[in-house]
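# Structural characterization, general
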Amino acid sequence: MTAREKHLVELVDDAGRVLGETTVAAAHQPPGRLHRAFSVLLVDPRGRILLQQRAAVKTRFPLRWANACCGHPLPGESLVEAANRRLAEELGVDPVDLTEVGIYLYYAEDPATGRVEFEYDHVLRADVPADLPIRPDPEEVATLRWVDPRELEADLDVDPRAYAPWLGGVVNRLLRPARPAADVARAGAPADEAPERSGGG
């Protein structure tokens, strides 16, 4: 078990209210426990987003393409602080200004590792310069690429198994941020929007 698997996460209900805490490892064991997470989208001046291919050693969805980085705030830690910590750890990126564009509540099983994602996912956006210095950690990231998010949406429908199961919902929040986050969480709609992605595979 990696050191990060021993970190604590906040257990929440489907409205994001804190119910308690457990370890990362325990939260991702079947059948999964709903917990707070975040997904960061880095957006360049052309509107492209940074994707990372998750390293082969990842315990959940290794070698799948995902957004710039993901993680879990420690109990009581702010989302911005946690997200900038993970950006530094995974990508070597200095702190950025982050804005929440929505919440994505989803469940996904990883057939490769037997782990489960059941997350109340805060989607965070940062607009970054074209020459953003990036120094990825090879233990976290296999490779990187910049993509147009609308082209990515189309490719997610064509080849969903190449991508992490949460990516479609995260990109949807970027492109359609109008609905209030609380309404999205209560509706539970994101889990139903992409059923073929929710099962992994």
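Our structure's up above, just so we're on the same page.
Small disclaimer: the values here were computed from a predicted structure and weren't measured.

Under the definition given, this model contains zero disulfides. Free cysteine: Cys69, not disulfide-bonded; nearest cysteine sulfur from Cys70 at 6.5 Å. For Cys69, a relative accessible area of 0% corresponds to the buried category. The exposure class of Cys70 is buried, given its relative accessible area of 17%.

Turning our attention to the pattern of salt bridges. For the coordinates displayed, the defined rule picks out 15 salt bridges. Between Lys58 and Glu140 there is a salt bridge whose closest N-O contact spans 2.7 Å. Of the two residues, Lys58 sits in the loop between strand E4 (49–54) and strand E5 (65–67) while Glu140 sits in the loop between strand E8 (116–127) and strand E9 (141–147), which places them 82 residues apart along the sequence. Taken together, the shared-partner salt bridges connect Lys58, Arg86, Glu89, Glu90 and Glu140 into one network.

With that settled, the discussion passes to helix H4 (residues 167–175). Within H4, nine of the nine residues are buried, which leaves it mostly tucked inside the rest of the structure. Along H4, the positions that sit buried rather than exposed are Leu167, Gly168, Gly169, Val170, Val171, Asn172, Arg173, Leu174 and Leu175.

Parameters at a glance
Residues numbered from 1 in each chain as written. Predicted model: local features only at pLDDT ≥ 70, side-chain atom pairs only at ≥ 80, totals over all residues. Heavy atoms only, no water. Disulfide = S-S within 2.5 Å. Buried < 20%, exposed > 50% of the residue type's maximum accessible area, 1.4 Å probe, protein only. Salt bridge = Lys/Arg side-chain N within 4 Å of Asp/Glu carboxyl O. Helix = DSSP H or I, 4+ residues; strand = E, 2+ residues; numbered from the N terminus.

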